[in-house]
Structure formats: C-alpha cells, structure tokens
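What follows is the residue order along each chain.
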Amino acid sequence: MSILVFYSEFDSFEQWSALLAPHLPGVTLCRAEEVQNDDEVHFALVWKPPHGFFAPYRKLKLLINLGAGVDSLVGRDDLPDIPIVRLSDPHMARMMASFVLFAVLRYVRDIPAFERAQRERRWHYLHPRSPETVRVGVLGLGELGAHAAQELARQGLDVRGWSRSQKTIDGITCSSGIDALDAFLAGSDILVVMLPLTPQTQGLLSAERLARLPHGCAFINVSRGAIVDQAALTQALQRGQIAEATLDVFDREPLPPEDALWGMDNVLITPHLASVAIPASAASQVAANIQRAARGEAVLHQVFPQQGY
C-alpha cells in the first residue's frame, strides 16, 4: 500500500482527493494527521508544510509542491533527499498571463484616471495611446513570465524582457545579467515583476534600482513581495516617481490593515491570486509524476530549492 500525504492550509483536501483517486487506484490520499503507518507514505503533496514535517516519512519517494513557486522550500534544512517537483499547469500560465494583461492594459488605456474622474463626476477625455509607443518591461522570463510577455506582445506593445541568463523569445527584446538591469529598468514605462524569489533576487529592487525607472511609470508585482523594498516602493508612489501600482504580493501577507498602501488611490491591491493551482487541470500532471516515481522513472518539472527554482 502507498500513501500520498497531503498538507496545505489553503487548498482543499476533498477536491484534490476526488480528482486524484481515479488516476491512482493503488494510492491512498491522507491528511498528515490521518496517517497510521508512516512507512507507507511514499509521496507528499504539500504547500508550506511546517518545519520537520517530512521527518516521520522515511520511505518518501517524491515531494510535490502545490504551486509553481518554490520559495517556501528555499533555505530549509529538513527537506528529504528525493526529487521535488512543482506544478507546471498551462492553466496557471494562462491565468497569470490574463492577470498581467489586465493590469498592463489598465495603465495603457489610462483606466485609473477615468476611475478617479468618475468618482468626481467629471467628464475626462484622454486620447488613447498607440500600443507600440508603450514600453513594457517583464522582469523574469521563466515559464510564467515568458507566457505573459508573449501575450503582451500580441497586443502590439513594445515588450522587453530581462532574465539572469539570456533568453530568445519571438517578439520580445531580451536582455540578461545584472549589468543590464539598470538600462532595462530605465526603459520600462510599465514594469511587471515576475522573478522567482531566490537569495539572489531578494531585495533586488532596492530604492536605488526603483529610482532608475522612468518618472511617472507604472509598477506591477505578481511574483513575491520580498523582491522589492516595499518601504521604498511606498515612498516612490507617494512622491509620484512611480505613478501607479498593481500589487498582488507583499513582504507581509496578509498586508497589515495599518499599511499605508491600503489608503493610496494610485494603488490596486489584490490578495495574492494572480495565478493559483487549479486542481481540475493539474491533477493529471500530479498523478503522472507519482506514477513515474513509483516506477523509478525520472519525474517532470523537477526543481532544486537550493537554487530557488
């Protein structure tokens, strides 16, 4: 008998269990507190498990992270020496791209200005800009970032991308390496942050780097709050150095009620939902990796937390 142990404070055990059961007839899905024989636990499906969670499961073969980002596993000293995989669901990529597209086009079409005018009962005409005149910088060209950049390029926008290593993506002007970062930021009328959180990217967007952005730019963060100096970002928004922001992630979540960002009418706040795991579309991928691990085959979408991705 094999057990798949489940842990998440955010995801539905019942939903995942119902969807995985038809694919895994020889595997029982259990919550951690329901496991009776730890040695029968061969697989783990988890999101932000507590420290020491894996210690009882000496025969674990595979760890599946319930999401695309693995920053919650970075720096842990209690991970078993087994393959670790993330979700790589095209539905997640499409969900992220649609959110980014919404956020970018909201600024391209000056929607915040019209929202403010409506609150003031004021007819306020702004002539639409040609999309090719708007420079959109996508900071991070991994699976989600590249997909979002391509969606933006399809709108006729001038899309540039930056990544640690050089990428080639049709329709996207790509740059790479820390030496190219300042010039990339300076050429972004709208910046979309899509980097994974790693020791190298934590605090990457410092006050000094935020100051490289064009005055009056728009800022969108859908990755992780810790990549940005949030206090410096708040100050830049208060001064108008950064004119508008859409923030889905923060250095503390939930964002504390007393945080100044809540009261700023040039900031749109969403509760870390730009892209989430969708069990209905991801279950077959999870099951396929469990079947591969059970047969001793190489798994797909393996990650290495010591590298951060």
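So, here's what we can say about the structure. Counting from 1, residues in each chain are numbered in the order their sequence is written. pLDDT decides what is reported in this predicted model: residues at 70 or higher carry local features, side-chain atom pairs at 80 or more are listed and counted, and totals for whole chains, interfaces and linings draw on all residues regardless. Remark: hydrogens and water are excluded; side-chain values derive from all non-hydrogen atoms of the structure.

1. Let's talk about the overall build of the protein chain
- What counts as a helix is a DSSP run of H or I of at least four residues, what counts as a strand is a run of E of at least two, and both are numbered from the N terminus. Helix and strand content of the protein chain: eight helices and 13 strands.
- We compute the radius of gyration over the C-alpha atoms and compare it with the globule rule, which gives 2.2 Å times the number of residues raised to the power 0.38. For 309 residues, the compact-globule estimate of 2.2 N^0.38 gives 19 Å, and the C-alpha radius of gyration of the protein chain, at 21 Å, lies within 12% of that figure.
- Viewed in the frame of its principal axes, the protein chain has a C-alpha envelope of about 65 × 40 × 35 Å.
- Burial classification: accessible surface area is computed with a 1.4 Å probe over protein chains only, and a residue below 20% of its type maximum counts as buried, one above 50% as exposed, and the rest as partly exposed. Counting only residues that meet the buried cut, the protein chain has 49% of its 309 residues in that class.
- Residues count as neighbours in contact if any of their non-hydrogen atoms are within 4.5 Å of one another. Partitioning the intrachain contacts of the protein chain with sequence separation of at least 6 by distance along the chain shows that 62% fall at a separation of at least 24.
- What sets the accessible areas is the Shrake-Rupley method with a 1.4 Å probe; for residues, cover comes only from the shown protein chains. Accessible surface, the protein chain as shown: approximately 14900 Å² in total, 51% of it carbon and sulfur.

2. Considering a negative patch on the surface
- Candidates for patches are residues over 30% relative accessible area with no salt bridge; among them, like charges are joined within 9 Å and nonpolar side chains (Val, Leu, Ile, Met, Phe, Trp, Tyr) within 5 Å. By salt bridge we mean one thing: a side-chain nitrogen of Lys or Arg within 4 Å of a carboxyl oxygen of Asp or Glu. Charged residues are defined here as Lys and Arg on the positive side and Asp and Glu on the negative side; His and the ends of the chain fall outside this count. For this purpose, a charge sits on NZ of Lys, CZ of Arg, CG of Asp or CD of Glu. The grouping of Glu208, Asp229, Asp251 and Glu253 at the surface amounts to a negative patch.
- Structurally, Asp229 can be placed in the loop between strand E10 (217-221) and helix H7 (230-239).

3. Let's talk about helix H8 (residues 279-294)
- A helix's residues, less one, multiplied by 1.5 Å, set its expected span. The end-to-end C-alpha separation of H8 is 21 Å, in line with the 22 Å expected for 16 residues at 1.5 Å each.
- Of all the positions in H8, only Pro279, Ser281, Ala282, Ala283, Gln285, Val286, Ala287, Asn289, Ile290 and Ala293 are classed as buried.

4. Thoughts on unusual backbone geometry
- Omega for the bond connecting Glu253 with Pro254 falls within 30 degrees of zero, at 0°, which places this linkage in the cis form.
- Here Pro254 lies in the loop between strand E11 (242-247) and strand E12 (267-269).
- Positive phi values are uncommon outside glycine, yet His272 reaches one of about 55°.
- In this fold, His272 is placed in the loop between E12 and H8.
- Look at His272 and you get partly exposed, because its relative accessible area is 29%.
- Of note in the backbone geometry, His301 takes a positive phi value of approximately 65° without being a glycine.
- Among the structural elements, His301 can be located in the loop between H8 and strand E13 (302-303).
- Judged by relative accessible area, which is 32%, His301 ranks as partly exposed.

5. Side note on the side chain of Arg224
- Mapped onto the secondary structure, Arg224 falls in the loop between E10 and H7.
- Residue class for Arg224 comes out buried when judged on its relative accessible area of 16%.
- Aside from chain neighbours lying at most four places away, what touches Arg224 is Trp47, Gly69, Asp71, Leu197, Val249 and His272.

6. A word on the environment of Ile172
- Considering the arrangement of structural elements, one finds Ile172 in the loop between strand E7 (158-163) and strand E8 (173-176).
- For Ile172, a relative accessible area of 9% corresponds to the buried category.
- Separated by 22 residues in the primary sequence, Ile172 and Gln150 have C-alpha atoms spaced 7.3 Å apart.
- With near-sequence residues (within four places) excluded, Ile172 lies in contact with Ala149, Gln150, Ala153, Val159, Arg160 and Gly161.

7. Let's talk about the packing of helix H2 (residues 90-108) against helix H4 (residues 143-153)
- In contact at an axis separation of 9 Å, H2 and H4 are set at 50° when each is read in the N-to-C sense. Comparing their axes, H4 and H2 come out oblique. Considering only the axes of H2 and H4, their crossing is right-handed. In this structure, H2 uses Met92, Ala93, Arg94, Met96, Ala97, Val100, Leu101 and Val104 to contact H4, whose residues at the interface are Leu144, His147, Ala148, Glu151 and Leu152.
- Residue classes follow a fixed rule: Ala, Val, Leu, Ile, Met, Phe, Trp, Tyr, Cys and Pro count as nonpolar, while Asp, Glu, Lys and Arg count as charged, and any other residue, Gly among them, counts as polar. Grouping the constituent residues of the contact of H2 with H4 by class yields 10 nonpolar, one polar and two charged. In this analysis, axes come from line fits to C-alpha atoms, helices being fitted only over the stretch in contact, and the angle between any two N-to-C directions falls in the range 0 to 180 degrees. In what follows, roughly perpendicular refers to angles from 65 to 115 degrees, roughly parallel to angles under 35, roughly antiparallel to angles over 145, and oblique to any angle outside these ranges. The crossing is said to be left-handed when, going from far helix to near helix, the turn is anticlockwise and less than a right angle, and right-handed when the turn is clockwise.

8. Some thoughts on the sheet that holds strand E2 (residues 27-31)
- Taken together, the six strands give an open sheet; going across it, the order is E2-E1-E3-E4-E5-E13, and neighbouring strands pair in mixed fashion. Two strands bound the open sheet, and with one partner strand each, they are E2 and E13.
- For two strands to count as paired, DSSP must find a minimum of two bridges between them. As paired strands, strand E3 (residues 41-46) and strand E4 (residues 62-65) are joined by four bridges and run parallel to one another. When the sheet's bridge partners are listed, Val46 is paired in E4 with Asn65.
- Running over the sheet, helix H1 (residues 13-20) touches strand E1 (2-7), E2 and E3 and is turned about 180° from E2.

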